[in-house]
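Notes for the structure review
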Amino acid sequence: SISILKTFCVLFQQLTGVLDDCLCDIESIDDFNTFKIFPKIQKLQERDYFRYYKVNLKRPCPFWADDGHCSIKDCHVEPCPESKIPVGIKAGSSNKYSKAANNSKELEDCEQANKLGAVNSTLSNQSKEAFIDWARYDDSQDHFCELDDERSPDAQYVDLLLNPERYTGYKGPSAWRVWNSIYEENCFKPRSVYRPLNPLAPSRGFNLGSLCLFSWTGLCLEKRVFYKLISGLHASINLHLCANYLLEETWGKPRWGPNVKEFIRRFDPVETKGEGPRRLKNLYFLYLIELRALSKVAPYFERSVVDLYTGNGHEDAESKALLLDIFRDTKSFHMHFDEKSMFAGDKKGAKSLKEEFRLHFKNISRIMDCVGCDKCRLWGKLQTQGLGTALKILFSEKEIQSLPENSPSKGFQLTRQEIVALVNAFGR
């Protein structure tokens, strides 16, 4: 209709020009993504290495009493049968990639046990457990996310292609509480941002018609970046729900497709009191951050020791070739976000702020275990982990540059779980 066309015209007139806090314009991102990145990243997501993601959807919510999982049938996630998982994926160690590395897993475990025992033969079992905990703590220092334990009996492989991100009907107080906890308790946000009605506390006077002025006053670059990333992630999720919406279900045959009215409700400048275009701009900002991470991590994957091992030599070689091709494209982009502008002040203050930044994001990754809809939880965990992996990469430049060519590095490693999340989050 004419009113819908007018809405889109107004919206996209506001989605032009240079993004805040970077030297990149929206039009350049659109062209670069449409003609170079998107077709290749789509193909990569269909490869076996990247389509199977191991996730624990049964972890309890650490912040409030579980209010029960969604009973809507479209919330269900179908785990992948063991027989369908490529042998190289289900048999491999989480942070090993080559066939040789997978075969040497048991030998490494034995050597590690011998070293632990050699420290002091009189150590109690409790002390040995403490050593193991310290090692795990050291390994997690650069993590921005709470990683699932892949050895847990509750962790299962999911075929992402058979469990697409789309609108499931999950909404209301349970869903709102998740986003409220993220924005209000774990996010550095502008002084006042228009927020939707709070269904848990209507007495506070929040009103869908209320207008709040947007101000960055008091927020440094790092905190502005944090807020934009969370807002961009939220916008990405909402866009996919609008693009793949349950339009009708007749005779047991659902029809999925774009829901323009839902898109307008979430992003129209009038409906959102001016917030919609900003949310979409934050999605572009999120894209820039993850694009930058891909360009920075290229040396890690260019090494011969990294095989993206599934057990199918021909497919593995093609997957790596396609990934390296994408890396070459990311390096050719001339308007990358400059992460060196972050945490660049007083060393002590910068270190404290970076740790605050990391812990806030890690907390958000834990909140994803509070999502009541399994399919929403799956994609929330995956995209949060993908962004967390991107942040880990951006702040590990020295470690990546000093990687040895023919052996894994103790200074910087990515688990297969992180690699799959990074690629699929960027693909979203």
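Going along each chain's sequence as written, the residues are numbered from 1 onward. Where local features are concerned, this predicted model is filtered to residues with pLDDT of at least 70; where side-chain atom pairs are given and counted, the filter is 80 or more; whole-chain, interface and lining totals use all residues. Side-chain calculation: all heavy atoms of the structure are included, whereas hydrogens and water are not.

Put simply, the test is: UniProt positions are given in the numbering used here, feature names are shortened, and annotations may be inferred rather than shown by experiment.
An unreviewed UniProt entry lists the protein under the name ERO1B protein, from Onychorhynchus coronatus. In its Cofactor (unreviewed entry) section, the UniProt entry covering the protein states "FAD". Quoted straight from UniProt, the Sequence similarities (unreviewed entry) entry for the protein says "Belongs to the EROs family."

Brief notes about the pairing of strand 4 (residues 253-257)
The following threshold applies: The criterion for strand pairing is that DSSP finds at least two bridges linking the strands in question. A run of DSSP states H or I qualifies as a helix once it reaches four residues; a run of E qualifies as a strand once it reaches two. Both are numbered from the N-terminal end.
Pairing between strand 3 (residues 245-250) and strand 4: five bridges, direction antiparallel. What sits directly across from E248, in strand 4, is R255. Linking two consecutive strands that pair antiparallel, namely strand 3 and strand 4, is a turn of two residues; a positive phi of about 55° is found at W251 within it.

Comments concerning the nonpolar core
Filter applied, for reference: Among the buried residues, those of types Ala, Val, Leu, Ile, Met, Phe, Trp, Tyr and Cys that are joined through side-chain atoms within 4.5 Å form a nonpolar core. The buried label goes to any residue with under 20% of its type's maximum accessible area, the exposed label to any with over 50%, and the partly exposed label to all in between, with areas taken from a 1.4 Å probe on protein chains only. Any two residues whose heavy atoms approach within 4.5 Å at even a single point are treated as in contact.
V297, F301, L378 and L391 are the most contacted members of the largest nonpolar core, which has 102 residues in total. Examining the composition of this core, we find that 14 residues originate from one element, helix 11 (residues 275-302), more than from any other. Sequence-distant contacts of V297, defined by excluding residues within four places in its chain, comprise F327, I393, I400, F412 and L414. In this structure, C80, I85, I89 and Y157 belong to the second largest nonpolar core, which totals five residues.

Topic: the UniProt feature "active site" (unreviewed entry) in the protein
UniProt annotation of "active site" (unreviewed entry) refers to C373 and C376 when read in the numbering used here. What makes C373 buried here is its relative accessible area of 0%. Within the secondary structure layout, C376 lies in helix 14 (residues 374-394).

Quick notes on the state of the cysteines
Formally: Cysteine sulfurs are considered disulfide-paired once they come within 2.5 Å of each other.
Enumeration according to the criterion identifies one disulfide in this entry. Bridging C61 to C370, the disulfide has an S-S length of 2.0 Å. On the sign convention where negative means left-handed, the S-S torsion of about 75° between C61 and C370 marks this disulfide as right-handed. Taken as a pair, C61 in the loop between strand 1 (52-56) and helix 4 (87-90) and C370 in the loop between helix 13 (347-367) and helix 14 lie far apart in primary sequence, 309 residues in all. Each member of the pair, C61 as well as C370, is classed as buried.

Here's the deal with the pattern of salt bridges
Stated formally: Within this document, salt bridges are pairs made up of a side-chain nitrogen of Lys or Arg and a carboxyl oxygen of Asp or Glu, the two lying within 4 Å of each other.
Under the criterion given, the structure shown has 23 salt bridges. Of the charged contacts, one joins D21 and R224 as a salt bridge, the two residues approaching to 2.8 Å between their closest N and O atoms. One end of the pair, D21, is in the loop between helix 1 (2-13) and helix 2 (26-45); the other, R224, is in helix 9 (residues 221-243), with 203 residues separating them in the sequence. When its relative accessible area of 19% is taken as the criterion, R224 is described as buried. A salt bridge links D369 to K381; the shortest N-O distance between them is 2.7 Å.

A look at unusual backbone geometry
Positive phi outside glycine occurs at D21, with the angle close to 65°. On the basis of relative accessible area, D21 is assigned to the partly exposed category, the value being 27%. The backbone of K273 sits at a positive phi, close to 55°, despite the residue not being glycine. Along the polypeptide, K273 turns up in the loop between helix 10 (260-267) and helix 11. The class of K273 is partly exposed, set by a relative accessible area of 31%.

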